[in-house]
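One letter stands for each residue in the lines below.
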Amino acid sequence: MEMMELTALCERFDGWWIVDVPAVRGLHTQVRRLDQVDAMVKDAACLLLDRPEASFAVTVIPKLPSAEQRQIDEAKAARAKLAQAQSAMAKASRKAVASLRAQGMTVRDVASLMEVTPARVSQLA
């Protein structure tokens, strides 16, 4: 059976998430938490369309006020920048460790110079 893609539009109201699935007539439900949307939508879709639960893929789209959505977008962008910076730091650290060890420095000396533990130097080597 072909996978049916369902989009669940979610809006917060009075402590609940109101869920609407436009692709399935009559599929409206509510949940307390967003992590419950997938299961609830699949369960309702099974009943309404007489298909197995495994035949549905659900995309959850929460609708938030613009100020809160901007804050979330900023936090995600900052997280992505942090991941890039961490990757660059790890690459530079591996390069420095390799260079210092190639000069014959001990793991402990490299650790002192780089202000990390000897175990971290060993991991980077």
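If you're wondering where the values come from, they're calculated on a predicted model, not measured in any experiment. (Residues numbered from 1 in each chain as written. Predicted model: local features only at pLDDT ≥ 70, side-chain atom pairs only at ≥ 80, totals over all residues. Heavy atoms only, no water.)

Caption draft 1: Inspection of the packing of helix α2 (residues 66–102) against helix α3 (residues 107–114) at higher detail. At a minimum axis distance of 10 Å, the contact between α2 and α3 shows a crossing angle of 135 degrees. One way to sum up the angle between α2 and α3 is to call them oblique. For the element pair α2 and α3, the recorded crossing hand is right-handed. Two secondary-structure elements touch here, α2 through S93, A96, V97, L100 and R101 and α3 through V107, V110, L113 and M114. Looking at side-chain class alone, the contact of α2 with α3 contains seven nonpolar, one polar and one charged residues. (Axes fitted to C-alpha atoms, helices over the stretch in contact; angles between N-to-C directions. Helix = DSSP H or I, 4+ residues; strand = E, 2+ residues; numbered from the N terminus. Parallel < 35°, antiparallel > 145°, perpendicular 65-115°, else oblique. Left-handed = near helix turned anticlockwise from the far one by under 90°. Contact = heavy atoms within 4.5 Å. Nonpolar A, V, L, I, M, F, W, Y, C, P; charged D, E, K, R; others polar.)

Caption draft 2: Inspection of the pattern of salt bridges at higher detail. Applying the stated criterion to the full structure yields two salt bridges. Between R33 and D35 there is a salt bridge, with the nearest N and O atoms lying 3.0 Å from each other. In this structure, D38 and K42 form a salt bridge, with 3.2 Å as the shortest nitrogen-oxygen distance. Linking D38 with K42, this pair stays in helix α1 (residues 37–49), spanning four residues, or about one helical turn. D38 gets classed as partly exposed once you look at its relative accessible area, which sits at 29%. When its relative accessible area of 16% is taken as the criterion, K42 is described as buried. (Salt bridge = Lys/Arg side-chain N within 4 Å of Asp/Glu carboxyl O. Buried < 20%, exposed > 50% of the residue type's maximum accessible area, 1.4 Å probe, protein only.)

Caption draft 3: View of the environment of L34. Checked against the element boundaries, L34 lands in the loop between β3 (28–31) and α1. Since its relative accessible area comes to 31%, L34 is described here as partly exposed. Taking C-alpha positions, L34 is 15 Å from I72, a pair spaced 38 residues apart along the chain.

Caption draft 4: Structural detail: the pairing of β3. Residue alternation in β3 divides its side chains into a buried set, T29 and V31, and an unburied set, H28 and Q30. Taken together, the four bridges between strand β2 (residues 16–20) and β3 define a ladder with antiparallel strand orientation. Its bridge partner lying in β3, I18 is registered against Q30. (Pairing = 2+ DSSP bridges.)

Caption draft 5: How the structure looks around a positive patch on the surface. On the surface, K91, R94, K95 and R120 cluster together to form a positively charged patch. Ranked by residue count, the leading element in the positive patch is α2, at three residues. (Patch = residues over 30% accessible without salt bridge, like charges linked within 9 Å, V, L, I, M, F, W, Y side chains within 5 Å. Areas by Shrake-Rupley, 256 points an atom, 1.4 Å probe, with all protein chains shown as cover. Lys, Arg positive; Asp, Glu negative; His and termini not counted. Charge placed at Lys NZ, Arg CZ, Asp CG, Glu CD.)

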